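Next come the chains, spelled out residue by residue.
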Amino acid sequence: MRLSKSNVWSSEARWGYLMVSPYILGMIVFVIGPVIAAVFISFTQYSILAPPKWIGLANYKELMSDDTYWQAFRNTLYFTALFVPFQTIVALILASALKRAIRGISWIRTSFFIPVVSSWVAVSLLWYWIYNPKFGLFNYLLRSMGLPALGWLSDEKLVIPCLVLVAVWKGAGYMMVILLAGLKNIPEQLYEAAVIDSANKWQQFRHVTLPLLSPTLFLVIIITMLWSVNAFDQVYVMTQGGPNKASMVLGLYLYNNAFVWYRMGYASVIAWSMFAILLVISGIQFATQKRWVHYN
Amino acid sequence: MLERIKFHLFYVRIFMLIIVIGMISVMQMGCSKTEEKSSKTTIVLGYYALPGDPEKVMKQLIADFQVKHPDIQVVTQVSPYEEFFQKLKTQVAANKAPDVWLSDGVFVPAYAERGVLKELTPWIDRDLQRKDYLMVESHMDNDGKIWAFPQGLQVLVLYYNKKLFDEAKLAYPTKDWTLDDLLKAAKKLTKSKKGNGQIDQYGFTVGLEITGSWYPVIKQFGGMLLDKTLTKSEINNPQTIQAIQYMCDLINKEKVAPSLADITSLGLSTNLFPSQAVAMQYGLYGRSIAANNSHVDYDVEMIPKGPGGRVVPAIANAWVIFNKSSPEKQAAAWEWIKFYSGKEPQLTWAKLGEAIPINREVAYSDAFLGIPTPPHNRKAFLDSLQYAHTMDVNGCWEEWTDAFSAALEPALNGKADAKTTAALADKNVQEVLDRYAKERK
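Residues numbered from 1 in each chain as written. Chains lettered and ligands numbered in written order. Predicted model: local features only at pLDDT ≥ 70, side-chain atom pairs only at ≥ 80, totals over all residues. Heavy atoms only, no water.

**Topic: the pairing of strand E3 (residues 100–103) of chain B**
Residues and elements named next belong to chain B. Residues Val 100 and Leu 102 of E3 are buried on one face, and the alternating residues Trp 101 and Ser 103, pointing to the opposite face, are buried as well. The sheet contact formed by strand E1 (residues 41–48) and E3 spans 2 bridges and is parallel. For Leu 45, the partnering residue across the bridge sits in E3 and is Val 100. As paired elements, E3 and strand E8 (residues 312–321) share 4 bridges and run antiparallel to each other. Bridging from a neighbouring strand, Leu 102 pairs with Trp 319 of E8. (Buried < 20%, exposed > 50% of the residue type's maximum accessible area, 1.4 Å probe, protein only. Helix = DSSP H or I, 4+ residues; strand = E, 2+ residues; numbered from the N terminus. Pairing = 2+ DSSP bridges.)

**Section: the pattern of salt bridges**
Across all of its chains, the model carries 20 salt bridges over all chains by this definition. Here Glu 137 of chain B ties to Arg 130 of chain B by a salt bridge, and the two come within 2.8 Å at their closest N and O atoms. When salt bridges with common partners are traced through the structure, they connect Glu 62 and Arg 263 of chain A together with Glu 399 and Arg 435 of chain B into a single cluster. (Salt bridge = Lys/Arg side-chain N within 4 Å of Asp/Glu carboxyl O.)

**Some thoughts on the layout of surface pockets**
Residue and element names in this part refer to chain B. Approximately 930 Å³ is the volume found for the second largest pocket. At the level of secondary structure, the elements contributing two or more residues to the lining of the second largest pocket comprise helix H4 (108–112), E8 and helix H19 (418–440). Looking at the lining of the second largest pocket, the element that brings in the most residues is H19, giving 4 residues. Residue classes in the lining of the second largest pocket are distributed as 17 nonpolar, 9 polar and 9 charged. (1 Å grid on protein atoms, 1.4 Å probe; cavity = no way out; pocket = protein on both sides within 12 Å on 5 of 7 lines; lining within 4 Å. Points joined across faces, edges and corners; volume = space filled by probe spheres on them. Nonpolar A, V, L, I, M, F, W, Y, C, P; charged D, E, K, R; others polar.)

**Looking at the pairing of strand E7 (residues 298–301) of chain B**
All names here are of chain B. Across the two faces of E7 the burial is the same, with Tyr 298 and Val 300 and Asp 299 and Glu 301 all buried. With 4 bridges connecting them, strand E5 (residues 157–161) and E7 associate as antiparallel partners. Residue Tyr 160 lies in a different strand from E7, and its bridge partner there is Asp 299.

**Some words on the interface of chain A and chain B**
By a frequent convention, interface size equals the accessible area lost on bringing the separate parts together. On the side of chain B, 34 residues touch chain A, which itself brings 29 residues to the contact. Interface area for chain A against chain B, summed over the two sides, is near 2900 Å², with a carbon-plus-sulfur share of 54%. Where chain A meets chain B, there are 3 salt bridges. Note that Lys 134 of chain A is salt-bridged to Asp 262 of chain B, the shortest N-O span being 3.7 Å. Connecting chain A to chain B are 10 residue pairs in polar contact (both at pLDDT 80 or more). Going through the elements one at a time, helix H2 (11–41) and helix H12 (250–260) of chain A are the ones with two or more residues in the side of chain A that touches chain B. No other element matches the 4 residues that H2 of chain A contributes to the side of chain A that touches chain B. When grouped by side-chain class, the residues that make up the side of chain A that touches chain B number 16 nonpolar, 6 polar and 7 charged. (Contact = heavy atoms within 4.5 Å. Buried area = accessible area lost by both parts, 1.4 Å probe. Polar contact = N/O pair within 3.5 Å; in protein donor to acceptor, adjacent residues only side chain to side chain.)

**Section: the nonpolar core**
In this structure, Tyr 111, Met 280 and Trp 336 of chain B are the most contacted members of the largest nonpolar core, which totals 143 residues. Ignoring any residue separated from it by four or fewer positions in sequence, one finds Trp 336 of chain B in contact with Ile 43, Leu 45, Met 58, Leu 61, Ile 62, Phe 65, Val 100 and Trp 319 of chain B. If you look at the next biggest cluster of nonpolar residues, it comprises 69 residues, including Ile 130, Val 168, Leu 180 and Ala 267 of chain A. (Core = buried A, V, L, I, M, F, W, Y, C linked by side-chain atoms within 4.5 Å.)

**Re the sheet that holds E5 of chain B**
Residues and elements named next belong to chain B. Strand order in the open sheet formed by 3 strands is E6-E5-E7, with antiparallel pairing between adjacent strands. Bordering the open sheet on either side are strand E6 (280–283) and E7, each of which pairs with just one other strand. Within this sheet the neighbouring strands show an average axis-to-axis angle of 30 degrees, counted without direction. In this structure, E5 lies alongside E6, joined through 4 bridges in antiparallel fashion. Across the sheet, Tyr 160 pairs through a bridge with Met 280, a residue of E6. (Axes fitted to C-alpha atoms, helices over the stretch in contact; angles between N-to-C directions.)

**Points about empty space enclosed by the protein**
All names here are of chain B. Throughout the structure, instances matching the rule amount to 3 cavities of 30 Å³ or more. Of the pockets and cavities examined, the largest cavity occupies roughly 60 Å³. What lines the largest cavity is simply Tyr 159, Thr 270, Phe 273, Pro 274, Gln 281, Tyr 282, Gly 283, Arg 287, Ala 290 and Ala 291. Contributing elements (two or more residues each) for the lining of the largest cavity: E6 and helix H12 (287–293). Among the residues forming the lining of the largest cavity, the class breakdown is 6 nonpolar, 3 polar and 1 charged. By volume, the second largest cavity is sized at about 50 Å³.

**Looking at the side chain of Thr 121 of chain B**
Residue and element names in this part refer to chain B. By the secondary structure assignment, Thr 121 is in helix H5 (residues 121–127). Look at Thr 121 and you get buried, because its relative accessible area is 9%. From its side chain, Thr 121 meets the backbone nitrogen of Ile 146 in a polar contact 2.8 Å long. Setting aside chain neighbours within four positions, we find Thr 121 in contact with Arg 130, Gly 144, Lys 145 and Ile 146.

**Focus: the confidence of the model for chain B**
Residue and element names in this part refer to chain B. Looking at chain B as a whole, its pLDDT mean stands at 90, while 91% of the residues score no less than 70. Every residue in residues 30–36 scores below 50 in pLDDT, and together they form 4 contacts with partners more than four places removed in sequence or on other chains. What the predictor reports for the complex is a pTM of 0.85 with an ipTM of 0.80. (pLDDT = per-residue confidence, 0-100.)

**A short note on the packing of aromatic side chains**
Residue and element names in this part refer to chain A. Applying the stated rule across the entire model yields 57 aromatic pairs over all chains. On the numbers, 5.4 Å between centres and 90 degrees between planes, the contact of Trp 272 with Phe 275 is edge-to-face. With Trp 272 and Phe 275 both in helix H13 (residues 264–292), this residue pair falls 3 residues apart, about one helical turn. Relative accessible area serves as the criterion here: at 24%, Trp 272 is assigned to the partly exposed category. (Phe/Tyr/Trp six-rings, centres within 6.5 Å; stacked < 30°, edge-to-face > 60°.)

**Notes on the environment of Arg 74 of chain A**
Residues and elements named next belong to chain A. As for its position among the elements, Arg 74 is in helix H4 (residues 67–97). For Arg 74, a relative accessible area of 52% puts it in the exposed group. On a C-alpha basis, the gap between Arg 74 and Trp 54 in space is 30 Å, while along the polypeptide they are 20 residues apart.

**So, H12 of chain A**
Counting buried positions along H12 of chain A gives 10 out of 11 residues, so the element sits mostly inside the fold. Restricting attention to buried positions, one finds in H12 of chain A the residues Leu 250, Gly 251, Leu 252, Tyr 253, Leu 254, Tyr 255, Asn 256, Asn 257, Ala 258 and Val 260 of chain A. Close packing links the buried residues of H12 of chain A with H4, helix H11 (233–238) and H13 of chain A together with helix H3 (81–93) and helix H18 (397–412) of chain B. Phi turns positive one or two residues past the end of H12 of chain A, at Tyr 262 of chain A, with a value near 60 degrees.

Below is the structure:
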C-alpha cells in the first residue's frame, strides 16, 4: 500500500521519525560517513599522521601482487570453510538437544551461552592455556594416553583448526538460541502427522525440521560467515598471525596496516576487498537459497 | 488540532533548549579563553605509565612543576602503553594531540618525518648543555635536527641468574666475555631439571624479538641491516648471514635456546628469565622490574663481544612537542621538559627504577647506582652507553623490522637456511623502505 503525502508527514509519522532519529544519526555519523571516507582513503596514501595524498589506483594494484594479502585471503577462506559448517552443526545439535522442556533446562541453556558473553581476551587466554604444548590440557591428555604431544598453535597445519574450535566454543551458544527460537516455531502437529505416517526420528528431522528451520538456518549461516570473514580478536590475542603467517587473516592484516604500519590507504583497500568477499559469498547464498530455504 | 499545537510546542522547546545550551557553552569557552590569556597557559601533557607508583610520582612531579611555574597549568592525559599510542594517532589526525607527550623512542622518527613534531634543537642549544644529558642526540636526524628530548634510557645488557650459575659451578659473566664464552656457559646451563630428558632449563634465548634478540646478535657479528641513510637494506651480507646461522644453531644444533614454539609455551620471551626457564637473556633496563617482582637472584653485565665487536641497542624514550600547538603552549611545554630533566625531578624519578636517568649527574651518582634493589651492577648500563646504537630507527621502523622478523621465523624453526633468509629479508625490507621513500616524496 502506498502512503499518501499527508500520512508521511502526519503527527504520528513525525513522532516516529523523532524516535528513530538517534539511530539514523548514529548510522550516518558512525557507519555511512566512515564508509564514504574509506572509499576516498583507499585512493590515497594516508599515514594518519600526515594529510592524505591522492595516488589513484596504486593501492589496488599493490593488493594484486601482495603475497601476504593473498595468504591472509586463503587463510580467511579456510577459516570460513571450517567455521561456518562446524558452528552451524554444533549449534543445531545443541538446539535440538536443549529443545525439550525438562527440569533445569534454562540453566543448561545458560551454561552454553556463557562463552558468548565472555570477552575474547579472557576466552583466548583460557584456550591458550589449554593448547599450551608443555603444560596444556590437550597435551596432558595425549601424553596420558601414550601419544606424542602436539604444538597446537605453533604447528602451521593445526593452527587454523585450533582457532576454529575456540571460535565455535564461543559462538555456538548464540546460534543455538536463534535456532532454538526457530525450532519452537515449528508446529507440533506436523511431527504428530509425521509419526502417524510412521516417519522415524531421522525422517522427521529431514522432512519436517530442516525445511521449516531453513529460514533460520539461512540467517545463522549468513551471520556466521560475517563473523568468520571479520575474525580478528582471537587471532590477535592467540597467535598474532603466526606461526609463519599461517593464521594471518584479513582482519589482522588490515589492523597491522592501518594501526601499526601507518598505511590507512592500503588498509582501506583491504577493507573493501573484505566487503567484496562478503558480497560475493552472500550473493551466492541468496541466489541458491530458493533451492533449500522454505519460507512457508 | 490541540495535539498538533502540542507537537509544535515540543519542537520549539527542544530548539530553545539547544540554543540555551549553545549559548552557555560559547560563554564558557569565552570565559576560559579570557582567563587563559589573562593568567595561565594551559598545556595538555600526555604520557603512558604503569598504574601505581609511576603514575603517582609523575603526578607529584607535575604538581612540583606547577608550583615552580604558577603561570602554567598542566592537564594530563594518561593511558596504558598500547591505548596511549592508538589514541594519539587519532588525536594527531584530528589536530587534537597533547601539546607535549612522552614517546617511545622508536616512534619518534615516524612522527618527526611526517611533520608532527616541533624541532627542539634551537631551544636545547639556547637553554641546556648537551654534555649534561645522556643520549641527547639520539633523536637527531641526518641534518643535525633534534626532534625529541630524552626522558629515560633503556640500554641492553646480559641478565644472568646467579643461582643457576652457582648450581652449575660456573663463574659469572664478565665484561670481557665473547659470544664463545656465552655459548660454553649456555651449554652447561641447559638441562633437564626433572631428569626425564626433557629440557626445562635453557642457557640462553634468541627469537623474533628485535631489541633483545636479532638486532644485537647481527651487530655482534659485524652484520648490517640498513645503510647510514636508513633508506637502503644491507641485510644480504656475509656477517648478517653468519649471525642468522649462529641464532639458528643455538636453537636447532646446540639446543641451548628454546625453540619459538617453546618460547610461546613458556609464556613469551618476557617471562623466560623471571620464570627461570632461561639462565641468561639479553634485556633492556626495564626488564629488571619483572625480574625483581619474581625475586630472581640475578645481576647484569655488558653484552658479550662478537666477531664484529660490541654494539649495544639503546632506546631513549623522549618528550616531544606537537608542531600544531600554539607558540605559547610549545614554550610552556619546553619549560616542562627542562624541569623534568633537572636534577631534583630526575632523582625522584630514578628511585622508581623504570629507566636510566638522562641527567648525567644523577645517572652517575648513588641515586641511581646505589639503588638497593637488583641489579647491583647498574654500572654495566652506563658502561654500555659508549657502544650504544639506536637500532636503525626510521619512519617505517615497525614495518621493516616486522618484515625482517617474518623472514627470520622459518630459519629459526629450522625450515630455511641462513643465506636464503638473508636474501628474502633483504628483498622484503627494501620493498618497505622504497614504499616509504615514495610516501615521503
